[in-house]
Amino acid sequence: MADEVFDRSEFIAYFRDESEELLQQIDADLLRLEEFVQTGTPEPEIVNSLFRALHTVKGSSGMLGFVDVQTLAHKLENLCDLLRKDRMPLSEGSVDILFAGRDFLTDLVESAVNQTPAPHGLDDYMGRLDQFAGIYEETSQVIEGKTGSEMDFDAASGQSDVSADQIAAFEAEIERLLAEAGGARPPAASEPAVAAAIAAPEPGAVAPVANVVAAAAARRDEKAKDAKDGSKRAAGQTIRVDIERLDTLLNLVGELVINRTRISDIASTLSRLTNDKAVAAPQALIGPLAKELANSAASLARTSNEIQESIMKVRMVPIGQVFDRFPRLVRDVAKARGKEVQLDISGAETDLDKTIVDEVGEPLMHLLRNCVDHGIESPDVREARGKKRTGTIALNAFHEGNQIIIEVSDDGNGIDLERVRARGIKQGLIGADDKLSDRELIELIFTPGFSTAETVSDVSGRGVGMDVVKKNITRLKGVFDVDSVAGAGTKFTIKLPLTLAIIQALLVRVVDELYAIPLDSVIESQRVELPDVRTVHGNEVITLRGQVVPLLRIADFFELGGARDPEKVMIVIVGLQGRQVGLVVDGFQGEQEIVIKPLSVVVGRIPGISGATILGNGQISLIIDVHSLVSEAYAGGDVARAEYSGV
Amino acid sequence: MAETGNDKQQFSGEKIKVVSFRLGTEEYGVDIAQAQEVIRMVEITHVPRAPRFMEGVINLRGQLIPIIDLRTRFGMPRVEKTKSSRIVVTDIGSKRVGIIVDSVSEVIDIPIENIEDAPEMIAGIGTEYIQGVGKVADRLIIMLDLTMVITTDERRDLELLDSQLTAST
Amino acid sequence: MSKRVLIVDDAVVMRMMIKGILSKNGFEVVGEAQNGVEAVDKYKQLTPDLVTMDMVMPEMDGITAVRQIIAHDPNAKIIMCTSMGQQALVVEAIQAGAKSFITKPFQPPKILETIDKVLV
């Protein structure tokens, strides 16, 4: 019967989101808690907040029948309760076991939601936790003089296979306590609750139902497994929206509806006029209607613009969602490397598109690890250099025009350019006599596989280098930059567009289809007479203001066929990190704001195409991914390479 | 496939509703639960470099739907689209895909016990696409496994590459 | 006319579930609150027929919220949502004026039964 009422799948999505938030909060609380280890007594509000977050995780997981999550959350909640009641001292040991518990809880939530096996080492940890808590619980029970039954209930509440009997007993116990306390409460309450408790049908119904659902889902999953690859993030993504933003949207939609009515009124009046033979439809009648229609159209345009803007805002979330996990990360890495690091975060409230927020976490994490690992010196070295023992990493986000800027800076070593040069020579990236500017040396660290670290540390090593960070940022249509002063520190700057969903595009015709080229990569469009096109090693180039620009014929690249214009070429000059390429098209169709829609997973990833958009007349236009188009063309030797190497 | 057998047991004594359509001389069917709607041919936007059986994408009320040409998918000769050509819009898992067929016949009930496992070969279509063959009066309706139709695994891609290479030489 | 309910819980999953159960059984969920402060505000603003109240919440806990609501409206009908092991708190809440309680994990029939009895 429980399954009729609960559509679990819907709740699971909420559960995952909520737990993610709570786990962030738990992390933040633990970090604050850790600051009190020296004094031994924490600020009560921190412990209370921890307790509440764990309590909520316990409750929600219990409702969904996630036994492991519930059990662990309960045990951790217990530990916080001991802390709260001053039955257990705050020590490095207790904070560490809570941190470890928080990590297991994160993994357990993941495995509960995805129906994968529980994380390795969980049993070990639970045993350790029980042992740890056991020491203090005993004394606690002595101090509080708990009765046997109370202790049973405490234990039972951590399990999901709580039977109706246990609940009934718990409720009867409350009745007994209430009776003892004497008539201080309204009389209506006692009987119903007890009666309900005893009448509760199907002991333990929730857990078995959950199991059946889980098993069925597991079977489904097996079937769908191959299809699911790569689409993990796309499925079931949710976003929390400020209710005000939704209200605004609702109002705007209201205006749309009003307009719709106006327009259909006009339409029916018009059709009456044309059908009515008696009326010769004089100007006097049609004139006002035309005006009315024009007004409606104007209002429609305004409303749809506003809706577009509002929807964009709905997609915007604060970047703090990503930042929140970094204090913990920095703490862990610093601890592992024997460094003292303070992380200063500002601008966490800066909004940007949800998809970008999701994508930017990984590169930022890598940069922060890099700062701790390679940037900040060990405390002794810092002291010797006259710096504070504790290094500072600043993570800062702010809006600038249509972009968001994220800066990661440290007051550590700076990039050792001599070492970069030595490494570059050793790895054969540059010659021993090459004269490179500081700028060019810094550029070297973006080369795939480049690392100045002598040994691959388990922190920032593992082959993930700055090149990957740069690639990820570029994929998000962002710009990545590094500044460094030897001995004083390094600053990484990431500039990202606020959203990827709506862009300005230049529409071009190629053979008989329209394609959209994102305007941010377009420098200019040109009509060039064919004699001005020259060939270099069989590839076409033009000279533009003294610079040689290789041409890429889109029709050829996409194998569209079509006849070439014998007299001229229409060229869209696109810029890629300072380099220019001319895309040859068959015609320009003007600029337009377009809404990017991903091509279905069924179509797959297509080099040169990043998505599609639906134009005003309902026609579909594919969006050209300039970056992959050009790099693919280079890889295939379709374009003159000569001028590509210059910066 | 093993699943066909299971399905049969599960529905024993029941009927399934099937949307039947023609492709060449054969009649095919898909479970009505997977068929969202049947639409007339509309303008299809070609997607360059997409898998060969991918005819392109269409705009269905603001949603982009990839379109698969079943003839190409099954290695049958391509034909000009006619007035009776239709697009069957299907939901396969979380994916919405349109498939082009020569014509759509009707919605029919097929008793589960009249569905048999697929014979080895039907008109050159690999058995992996076929869930079974349903018998209604004297008609044979080939039940398609749409999941396989839209799956583009490596093996399939390789086959595709092969056919392209053969085609270009 | 269907009875109007205010749901108070800091856990969104809990709120959704209670809301699901109640709206499928003819109740009108007129509001949701995430903590005691919101609960008191929304009670005053919405004057619901019934409140389901979680015990452990940030900002203001359930018992304090019960006290403040009862001070505002002595006839308020509040049902506490409790976990096992919280017996002392349940007693305190009922003494503060809550009418009854339900124990997590909830069984839908039991929630409805308890509500019916309280609303009589």
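Residues numbered from 1 in each chain as written. Chains lettered and ligands numbered in written order. Predicted model: local features only at pLDDT ≥ 70, side-chain atom pairs only at ≥ 80, totals over all residues. Heavy atoms only, no water.

J.: What exactly am I supposed to notice about the overall build of chain A here?
T.: Helix and strand content of chain A: 21 helices and 18 strands. Relative to its 647 residues, chain A shows a buried fraction of 45%. If you take every contact in chain A between residues at least 6 apart in sequence, the share linking residues at least 24 apart comes to 69%. Of the roughly 32,200 Å² of accessible surface on chain A, 52% is carried by carbon and sulfur atoms. (Helix = DSSP H or I, 4+ residues; strand = E, 2+ residues; numbered from the N terminus. Buried < 20%, exposed > 50% of the residue type's maximum accessible area, 1.4 Å probe, protein only. Contact = heavy atoms within 4.5 Å. Areas by Shrake-Rupley, 256 points an atom, 1.4 Å probe, with all protein chains shown as cover.)

J.: Where do I start with the environment of arginine 385 of chain A in this structure?
T.: All names here are of chain A. Considering the arrangement of structural elements, one finds arginine 385 in the loop between helix H16 (379–384) and strand E4 (391–400). Here arginine 385 falls in the partly exposed class, since its relative accessible area comes to 44%. With 102 residues separating them in the primary sequence, arginine 385 and glycine 487 have C-alpha atoms 8.9 Å apart. With near-sequence residues (within four places) excluded, arginine 385 lies in contact with Glu377 and Asn413.

J.: Just to check I follow, could you spell out the packing of helix H14 (residues 326–337) of chain A against helix H15 (residues 354–375) of chain A for this structure?
T.: Between two packed helices, both the angle of their axes relative to each other and the distance between the axes serve to describe the pair. Residues and elements named next belong to chain A. Here H14 crosses H15 at 30°, and the two axes come no closer than 10 Å. The crossing of H14 and H15 is right-handed. Note on element contacts: H15 touches H14 through Gly361, Leu364, Met365, Leu368, Arg369, Val372 and Asp373, opposite Phe326, Leu329, Val330, Val333, Ala334 and Arg337. Residues that form the contact of H14 with H15 fall into these classes: nine nonpolar, one polar and three charged. (Axes fitted to C-alpha atoms, helices over the stretch in contact; angles between N-to-C directions. Left-handed = near helix turned anticlockwise from the far one by under 90°. Nonpolar A, V, L, I, M, F, W, Y, C, P; charged D, E, K, R; others polar.)

J.: Would you explain the interface of chain A and chain B in this entry?
T.: Interfaces are often described in size by the accessible area the parts lose on coming together. Taken together, the contact pairs 26 residues of chain A with 22 residues of chain B. Between chain A and chain B, the buried area comes to about 2,000 Å², and carbon and sulfur atoms account for 67% of it. For the pair chain A and chain B, the number of links is zero salt bridges. Taken together, the connections running from chain A to chain B amount to two residue pairs in polar contact (both at pLDDT 80 or more). Contributing elements (two or more residues each) for the side of chain A that touches chain B: helix H10 (206–228), strand E9 (513–518), strand E17 (609–614) and strand E18 (620–624) of chain A. (Buried area = accessible area lost by both parts, 1.4 Å probe. Salt bridge = Lys/Arg side-chain N within 4 Å of Asp/Glu carboxyl O. Polar contact = N/O pair within 3.5 Å; in protein donor to acceptor, adjacent residues only side chain to side chain.)

J.: Just to check I follow, could you spell out the sheet that holds strand E1 (residues 15–23) of chain B for this structure?
T.: Within a sheet, adjacent strands bond to each other through the backbone by hydrogen bonds, running parallel or antiparallel. All names here are of chain B. The six strands lie next to each other as E8-E1-E2-E11-E10-E9, forming an open sheet whose pairing is mixed. The sheet terminates laterally at strand E8 (103–111) and strand E9 (115–116), the two strands that pair on one side only. Both E1 and strand E2 (residues 26–31) contribute to a ladder of six bridges, which runs antiparallel. Directly across from valine 18, in E2, lies its bridge partner aspartate 31. (Pairing = 2+ DSSP bridges.)

J.: What should I look at first to understand unusual backbone geometry in this one?
T.: For residues other than glycine, phi is negative in most cases, and the peptide bonds are mostly trans. The residue glutamine 115 of chain A is not glycine, and still its phi comes out positive at about 55°. Along the chain, glutamine 115 of chain A turns up in the loop between helix H5 (92–114) and helix H6 (122–144).

J.: Explanation requested: the pairing of strand E15 (residues 579–585) of chain A in the structure shown.
T.: Across a regular strand the side chains alternate sides, sitting on one face of the sheet and then on the other. All names here are of chain A. Within E15, five of the seven residues are buried, leaving the element largely enclosed by the surrounding structure. Two strands pair when backbone bridges link them, and strand E14 (residues 568–576) and E15 are joined in this way by seven bridges, in the antiparallel orientation. Paired with leucine 576 across the two strands is arginine 579, which belongs to E15.

J.: Help me understand the packing of aromatic side chains, please; the structure alone is not making it clear to me.
T.: The description of two aromatic rings rests on the distance between their centres and on the angle between their planes. Throughout the structure, instances matching the rule amount to eight aromatic pairs over all chains. With a centroid separation of 5.2 Å and 50° between ring planes, the pair formed by phenylalanine 15 of chain A and phenylalanine 66 of chain A is classed as tilted. One end of the pair, phenylalanine 15 of chain A, is in helix H2 (residues 8–34); the other, phenylalanine 66 of chain A, is in the loop between helix H3 (44–64) and helix H4 (67–84), and 51 residues separate them in sequence. Under the relative-accessibility criterion, phenylalanine 66 of chain A is labelled buried at 10%. Among the aromatic side chains, those forming a connected cluster through ring pairs are Tyr515, Phe557 and Phe558 of chain A. For the cation-ring pair, arginine 49 of chain B lies above phenylalanine 557 of chain A, with the distance from its terminal atom to the ring centre recorded as 4.0 Å. We note arginine 73 of chain B situated over the ring of phenylalanine 53 of chain B; from NZ or CZ to the ring centre the distance is 3.9 Å. (Phe/Tyr/Trp six-rings, centres within 6.5 Å; stacked < 30°, edge-to-face > 60°. Lys NZ or Arg CZ within 6 Å of the ring centre and 35° of its normal.)

J.: Explain the sheet that holds strand E2 (residues 341–346) of chain A here, please?
T.: All names here are of chain A. Read across the open sheet, the five strands follow the order E2-E4-E5-E7-E6; overall the sheet is mixed. If you trace the sheet from one side to the other, it starts and ends with E2 and strand E6 (479–485), each paired once. Direction aside, the axes of adjacent strands within the sheet are offset by 15° on average. Sheet topology note: the E4/strand E5 (residues 403–410) ladder contains eight bridges and is antiparallel. Of the residues in E5, the one forming a bridge with leucine 395 is valine 408. Strand contacts of H14: E2 and E4, with the helix running at about 165° to E2, the strand carrying the most contacts. This element, H15, spans E2, E4, E5, E6 and strand E7 (489–497) of the sheet and lies at about 20° to E5.

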